[in-house]
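One-letter residues, chain by chain:
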Amino acid sequence: MIGFRTLLYKEVLRFWKVAFQTIAAPVLTAILYLLIFAHVMSNSNAAFDGISYEQFLIPGLAMMSMLQNAFANTSSSLIQSKITGNILFILLPPLTHWNFYGAYVIAAIARALAVGCGVFVVGLLMAHIPVHNLGWIIVFAILGSGMLGALGIIAGLWADKFDQLAAFQNFVIMPLTFLSGVFYSIHSLPTFWQTASHFNPFFYMIDGFRYGFFGKSDVSVWISFSVTGLAFLCLSLATLALLKSGYRLRQ
Amino acid sequence: MPAKTAISIKNVEKSFGSLRALDGVSLDVEEGEFFALLGPNGAGKTTLISTLAGLSRADAGQLFVMGHDVVSDYQPARLALGIVPQEIVFDPFFSVRETLRFQAGYFGIARGASLDAWIDELLANLSLSDKADKNMRQLSGGMKRRVLVAQALVHRPPVIVLDEPTAGVDVELRQTLWAFIRRLNEQGHTILLTTHYLEEAQQLCSRIAMMKAGRIVAMDSTANLLNAFSERVLKVMLHESLPESLAQRRTKQSGAWHQFAIHDYADVEQLLAQLREAGVAIERLEVSEPDLEEVFLKVMGK
Ligand SMILES: Nc1ncnc2c1ncn2[C@@H]1O[C@H](COP(=O)(O)OP(=O)(O)O)[C@@H](O)[C@H]1O
Ligand SMILES: [Mg+2]
């Protein structure tokens, strides 16, 4: 247990020591999105009855920032340790693949929650945001950021260079987040894109998360929960298997 | 597994593509030994150490640390092993003390007064006390290497492996480092080291293995290797020619210098007596001791 706790503490310290870059900067980015989109889209139809576009946007943006930062946390930590070689310090001790997985994913969730709270607090200054069910909010926040934390481990293991990681981020993570209904309700999309969105697990994370605030969603919250939970489980199992096999860590 | 074997390596093979970096290496190091693994660059020493540490997986064969298989029983194997890597690596986020506290934590050692006292002792022994609170980035290469030594020892492993620990460390600190490692060995720690300084290996190690192209080409006690491959030599400089009676015993001649292989000092007495009897005056005389460099060159040349 001490080994796991030490690794977790190190992973949390790693982003906390540079919180300006790892927490404040993404919150600022989200605020810019919020200001610009809220302004440009102010005349657009409200997604749900009785909810303004601004209100609709804030939870989606918070979730998007959480997902991106959970991914960034594990993937950048791993690639940095691999490139500098100090990954050695955690490969030599008797840490298990569970220790590894747990410490990295929990640290990613911690950073994601810090960023999410930051966006939410700023959002409160700009619009009234109801809380329909705090339980769902927390469940989706944790499952979503945990899933992206696990995905970040996989990407960090796979990549040898920063640009490979950037490619993963730009060609996988960004399209999935942008096409998930952060900025719009998918009901406003043409049929083809509506259908396509239903194959995007990010859509369910954001839809379920938004349900926690408004009690309204594009699909049933239970479906969102099942899809998100299943995706989290599958990615976690894949991550654990890769860590256990020593993929790209112990040649 | 015999209980007294600290490191046991059995028929280990490892290839990188078509390159056979380890070509069936077997090696046992007993508890309490001071063992040297020598060989030219690219012989496979670091690869062997990596497979022992679990940083790399052998294609075939098995490795044990204190009787624990490094793959199937990796936790006790890693707990028993302290590795000083060849390459200097560090975490720029941390100070020297933080680095050591984290490393201890990964090995399951709780923070507290007893750990801090041990860290202070390690730093003092490695002449790093005044650097304890410096960030790793502010240290010179030699200092970083000594931090790596401290990191390897922070969980008090019974088996310590040092991969070229003195590369880039200046002479004075090299002495300090070896004195410390020797003390650890006297306290019962098993030491395995690789080095390019053969005189260090000769002075420190009781047993030596030499590797070449992924194979062990010689392995014996230091004394036996020196006796088998190297000899004491008596060199005399004479004005006159060598008496006939001694000519067959001569191993080499260059100008006025004549060279004889000797086993012990009685041989020297005898040779000198024969020269005196023949009435040959000795201008100069040298006796050279066997050295590991000669052994190394002969073994590698084979
Ligand atoms: N990761 C690797 N990929 C490919 N070849 C490697 C790798 N590591 C070592 N080698 C090769 O294996 C051989 C043994 O290397 P190494 O164990 O570092 O030798 P030594 O430590 O004895 O100098 C060398 O030919 C080296 O180039
Ligand atoms: Mg080497």
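One can find the structure itself at the top, above this paragraph.
Just so you know, these numbers come straight off a predicted model, no measurement behind them. (Residues numbered from 1 in each chain as written. Chains lettered and ligands numbered in written order. Predicted model: local features only at pLDDT ≥ 70, side-chain atom pairs only at ≥ 80, totals over all residues. Heavy atoms only, no water.)

This part covers the site of ligand 1. All names here are of chain B. In the region of ligand 1, the neighbouring residues are Phe16, Leu19, Ala21, Pro40, Asn41, Gly42, Ala43, Gly44, Lys45, Thr46 and Thr47. In this structure, Gly44 approaches ligand 1 through a main-chain N or O atom, which is 2.9 Å from an oxygen atom. Lys45 has a polar backbone atom sitting 2.8 Å from an oxygen atom of ligand 1. Contact with the protein chains removes 62% of the 560 Å² of surface that ligand 1 exposes when unbound. Within the residue set of the shell around ligand 1, elements represented by two or more residues are β2 (19-30) and α1 (45-53). For the shell around ligand 1, the element with the most residues is α1, which contributes three residues. (Near = heavy atom within 4 Å. Polar contact = N/O pair within 3.5 Å; in protein donor to acceptor, adjacent residues only side chain to side chain. Areas by Shrake-Rupley, 256 points an atom, 1.4 Å probe, with all protein chains shown as cover. Helix = DSSP H or I, 4+ residues; strand = E, 2+ residues; numbered from the N terminus.)

Sheets are built from strands that pair by backbone hydrogen bonding, the pairs being arranged parallel or antiparallel. Residues and elements named next belong to chain B. Read from one edge to the other, the open sheet built from six strands follows the order β6-β7-β8-β3-β9-β10, with strand pairing classed as mixed. The outermost strands of the open sheet, each flanked by one partner alone, are β6 (81-84) and β10 (215-221). Averaged over all neighbouring strand pairs, the angle between strand axes comes to 15°, with direction disregarded. In this fold helix α8 (residues 222-229) packs onto β9 (207-212) and β10, with an angle of close to 105° to the strand it touches most, β10. (Pairing = 2+ DSSP bridges. Axes fitted to C-alpha atoms, helices over the stretch in contact; angles between N-to-C directions. Contact = heavy atoms within 4.5 Å.)

Further remarks concern the environment of Trp257(B). All names here are of chain B. In this structure, Trp257 sits in strand β13 (residues 257-262). C-alpha separation for the pair Trp257 and Gly39, spaced 218 residues apart in sequence, amounts to 33 Å. Residues in contact with Trp257, not counting those within four places in the same chain, are Lys235, Val236, Met237, Lys252, Arg284 and Glu286.

Take the interface of chain A and chain B next. Across the contact, 30 residues belong to chain A and 30 residues belong to chain B. Of the roughly 2,600 Å² buried between chain A and chain B on both sides combined, carbon and sulfur atoms contribute 64%. In terms of surface lost to chain B, no three residues of chain A exceed Phe89(A), Leu92(A) and Pro94(A), which account for 27% of the buried area on that side. Linking chain A with chain B are one salt bridge. In this assembly, chain A and chain B are joined by 12 residue pairs in polar contact (both at pLDDT 80 or more). Of all the secondary-structure elements, those providing two or more residues to the side of chain A that touches chain B are α1 (2-16), α3 (53-84), α4 (88-91) and α10 (221-245) of chain A. No other element matches α1(A), which puts eight residues into the side of chain A that touches chain B. (Buried area = accessible area lost by both parts, 1.4 Å probe. Salt bridge = Lys/Arg side-chain N within 4 Å of Asp/Glu carboxyl O.)

All names here are of chain B. Inspection of the secondary structure puts Thr51 in helix α1. Judged by relative accessible area, which is 1%, Thr51 ranks as buried. Setting aside chain neighbours within four positions, we find Thr51 in contact with Val12, Leu22, Ser56, Arg57, Ala58, Leu63 and Val70. (Buried < 20%, exposed > 50% of the residue type's maximum accessible area, 1.4 Å probe, protein only.)

Before going further, it helps to examine the coordination of the magnesium ion (ligand 2). In an ideal octahedron of six donors the angles at the metal are 90 or 180 degrees, and in an ideal tetrahedron of four donors they are 109.5 degrees. Residue and element names in this part refer to chain B. Here the magnesium ion (ligand 2) is held by the protein donor atoms Thr46 (OG1) and Gln86 (OE1), which lie 2.0 to 2.1 Å from it. Of this pair, Thr46 sits in helix α1 while Gln86 sits in the loop between β6 and α3 (96-106), and the two are 40 residues apart along the sequence. The class of Thr46 is partly exposed, set by a relative accessible area of 30%. Accessibility expressed as a relative area gives 26% for Gln86, which makes it partly exposed. (Donors = N, O, S within 2.8 Å, 3.2 Å for Na, K, Ca; no water.)

Quick look at the packing of α1(A) against α3(A) now. Helices that pack against each other are described as a pair by the angle of their axes relative to one another and the distance between those axes. Residues and elements named next belong to chain A. Viewed as axis vectors pointing N to C, α1 and α3 meet at an angle of 100°, and their least axial separation amounts to 11 Å. Considered as vectors, α1 and α3 are oriented roughly perpendicular to each other. Between α1 and α3, the contacting residues are Glu11, Arg14 and Phe15 on the first element and Asn73, Ser76, Ser77 and Gln80 on the second. Broken down by class, the residue content of the contact of α1 with α3 amounts to one nonpolar, four polar and two charged. (Parallel < 35°, antiparallel > 145°, perpendicular 65-115°, else oblique. Nonpolar A, V, L, I, M, F, W, Y, C, P; charged D, E, K, R; others polar.)

Summed over the entire model, instances satisfying the criterion amount to four cavities of 30 Å³ or more. The calculated volume of the largest cavity comes to roughly 100 Å³. Around the largest cavity, the lining comprises 13 residues; the ones closest to its centre are Lys10(A), Phe89(A), Asp91(B), Phe94(B) and Tyr106(B). Sorting the residues of the lining of the largest cavity by element identifies α4 of chain A together with α3 of chain B as the ones contributing at least two each. (1 Å grid on protein atoms, 1.4 Å probe; cavity = no way out; pocket = protein on both sides within 12 Å on 5 of 7 lines; lining within 4 Å. Points joined across faces, edges and corners; volume = space filled by probe spheres on them.)

On to the pairing of strand β12 (residues 250-254) of chain B, then. All names here are of chain B. Of the strand pairs in this sheet, β12 and β13 are connected by four bridges, and their pairing is antiparallel. Residue pairing in the sheet places Lys252 in a bridge with Gln259 of β13. Linkage of β12 to β13, two consecutive antiparallel strands, is achieved through a turn of two residues, within which Gly255 is found at a positive phi near 60°.

Right, let's get into the layout of surface pockets. Taken as a whole, the largest pocket spans an internal volume of roughly 610 Å³. The wall of the largest pocket is formed by 24 residues, among which Gly85(A), Leu88(A), Gln251(A), Ser50(B) and Leu55(B) lie closest to the centre. Among the secondary structure elements, those contributing two or more residues to the lining of the largest pocket are α4 of chain A together with α1 and β6 of chain B. The element that contributes the greatest number of residues to the lining of the largest pocket is α1(B), accounting for five residues. The class makeup of the residues in the lining of the largest pocket is 12 nonpolar, seven polar and five charged. One number sums up the size of the second largest pocket: a volume of about 430 Å³.

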